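Analysis of the macromolecular model
In case you want the letters, here they are:
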Amino acid sequence: MDILIQLYDEFASEYERTRVPRFRPFVKRLLQLYDTRPGSHVLDAGCGTGLAATMVAPRAGHGGKIFGVDASEKMLEIARHKAKGFGFDQCEFVAGDITKLDAADDSFDVVICSFALWGEPRAVFGEFFRVLKPHGALLLQNWEPERGGLVRKFNETLHAYSKKFSTERVSQTRAVLTKHRADWSELQTPQDYERVLREVGFSQAAAQWFENATHFKNLDECVEFHALGVGARAELAAMDDATRAQFVTAIRDALQPFANARGVEEIWRAIQVRARK
């Protein structure tokens, strides 16, 4: 996990610039699943640069409290700067591990986890259950497990050029991501999330698919976005300059069929969940 923290620290500003705006429609939809009341205490678990925290803050109001927890200090710095700029003095961002939350039992009215699920699922969901107040709400979302189309083509092309580069950093990243995929392999559908959440104690759990069309103005913008995944970031950094240049040419050719005169459009799907303690 330490290697992922290093990677997120390294590209925090790029993540905020390229990724966060495209995640906004998903967070907006997720927050619509529950009426967060003024005065609520809200935990944004794995808050990143504070997208969900700053979007829910107006609902909780200045009488509420928003705690953002993330392992990347660079991400947290951006979140603090954003919240200050918006005048959200009800927001506080601290370093921490969502699998071992530094919070008392029954602390929060709402727990949000947006594209930040790591660790063993039952352990993570158990922590969310523990820190929620009785009848509190959990809002979470995760990307569909197997993405095809453009994403698959990007990953296949990246693997073809990166497979001969195996630095310690790359090996560590691959190991962490392989374990992560294994940990979450049983959660493939909305029904899987509902089942596991009920197993750890939630009285209600309702999950559904949500999809949104994401637009890139050109291929370069699309490639930049996908190159910012933690796995891709590590793999690209390990390549020598000549191989990296070859990959850039190859990936543009590989993704050209997905482009048109308006740019590149992808349909992204996520599983969104609302549960009650």
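Our subject in this report is the structure included herewith. (Residues numbered from 1 in each chain as written. Predicted model: local features only at pLDDT ≥ 70, side-chain atom pairs only at ≥ 80, totals over all residues. Heavy atoms only, no water.)

**So, the nonpolar core**
By size, the foremost hydrophobic cluster in this structure holds 67 residues, and its most contacted members are Ile66, Phe93, Ile112, Leu139, Phe154 and Leu255. Here this core gets 7 residues from one element, more than from any other, and that element is helix H4 (residues 51-60). Here Phe154 is in contact with Val223, His226, Ala227, Ala232, Phe247, Ile251 and Leu255, once residues within four sequence places are set aside. Within the second largest apolar cluster, 28 residues are counted, among which are Leu117, Val124, Leu132 and Ala207. (Core = buried A, V, L, I, M, F, W, Y, C linked by side-chain atoms within 4.5 Å. Buried < 20%, exposed > 50% of the residue type's maximum accessible area, 1.4 Å probe, protein only. Helix = DSSP H or I, 4+ residues; strand = E, 2+ residues; numbered from the N terminus. Contact = heavy atoms within 4.5 Å.)

**Looking at the packing of aromatic side chains**
All told, the structure shown has 25 aromatic pairs when counted by the stated rule. Among the aromatic residues, those joined into a ring-pair cluster are Tyr8, Phe11, Tyr15, Phe23, Phe26, Phe115, Trp143, Phe210, Phe216, Phe225 and Trp268. Taking the ring centre of Trp209 as reference, the NZ or CZ of Arg269 above it sits at 3.8 Å. (Phe/Tyr/Trp six-rings, centres within 6.5 Å; stacked < 30°, edge-to-face > 60°. Lys NZ or Arg CZ within 6 Å of the ring centre and 35° of its normal.)

**A closer look at helix H7 (residues 149-162)**
The first and last C-alpha atoms of H7 sit 20 Å apart over 14 residues, in line with the 20 Å expected at 1.5 Å per residue. Among the residues of H7, those classed as buried are Leu150, Val151, Phe154, Thr157, Leu158 and Ser162. Angularly, the buried residues of H7 cover 135° about the axis, an arc narrow enough to put them on a single face. (Expected span 1.5 Å × (residues − 1). Arc of directions from axis to C-beta.)

**A short note on helix H11 (residues 230-238)**
An α-helical turn contains 3.6 residues, so any two residues separated by three or four positions project in the same direction. Among the 9 residues in H11, 7 count as buried, and that is most of the element. For H11, every residue scored as buried is listed here: Val230, Gly231, Ala232, Ala234, Glu235, Leu236 and Ala238.

**Points about the pattern of salt bridges**
Side chains that carry opposite charge are capable of pairing whenever their charged atoms lie near each other. In this structure the tally under the stated criterion is 23 salt bridges. Two residues, Glu199 and Arg122, come together in a salt bridge whose shortest N-O distance is 2.9 Å. Separated by 77 residues along the polypeptide, Glu199 in helix H9 (residues 190-199) and Arg122 in helix H6 (residues 121-131) bring together distant segments of the chain. Its salt-bridge partner being Arg252, residue Asp220 comes within 2.4 Å of it at the nearest N-O pair. (Salt bridge = Lys/Arg side-chain N within 4 Å of Asp/Glu carboxyl O.)

**Some details on the environment of Arg244**
Considering the arrangement of structural elements, one finds Arg244 in helix H12 (residues 241-255). Overall, Arg244 belongs to the partly exposed group, its relative accessible area being 27%. It is 34 Å that separates the C-alpha atoms of Arg244 and Ala52, two residues lying 192 residues apart in sequence. Those residues within four positions of Arg244 in sequence are excluded, and the remaining contacts are Leu236, Ala237 and Met239. Reaching out from Arg244, the side chain makes a polar contact with the side chain of Asp241 at a distance of 3.0 Å. (Polar contact = N/O pair within 3.5 Å; in protein donor to acceptor, adjacent residues only side chain to side chain.)

**Details of the side chain of His226**
Within the element layout of this structure, His226 appears in helix H10 (residues 219-226). Residue classification places His226 among the buried positions, given a relative accessible area of 9%. In this structure the side chain of His226 is engaged in a polar contact, spanning 2.7 Å, whose partner is the side chain of Glu266. Contact partners of His226, with chain neighbours within four places excluded, come to Arg19, Leu150, Val151, Phe154, Phe216, Ala232 and Glu266.

Worth remembering: the numbers are spatial, not functional.
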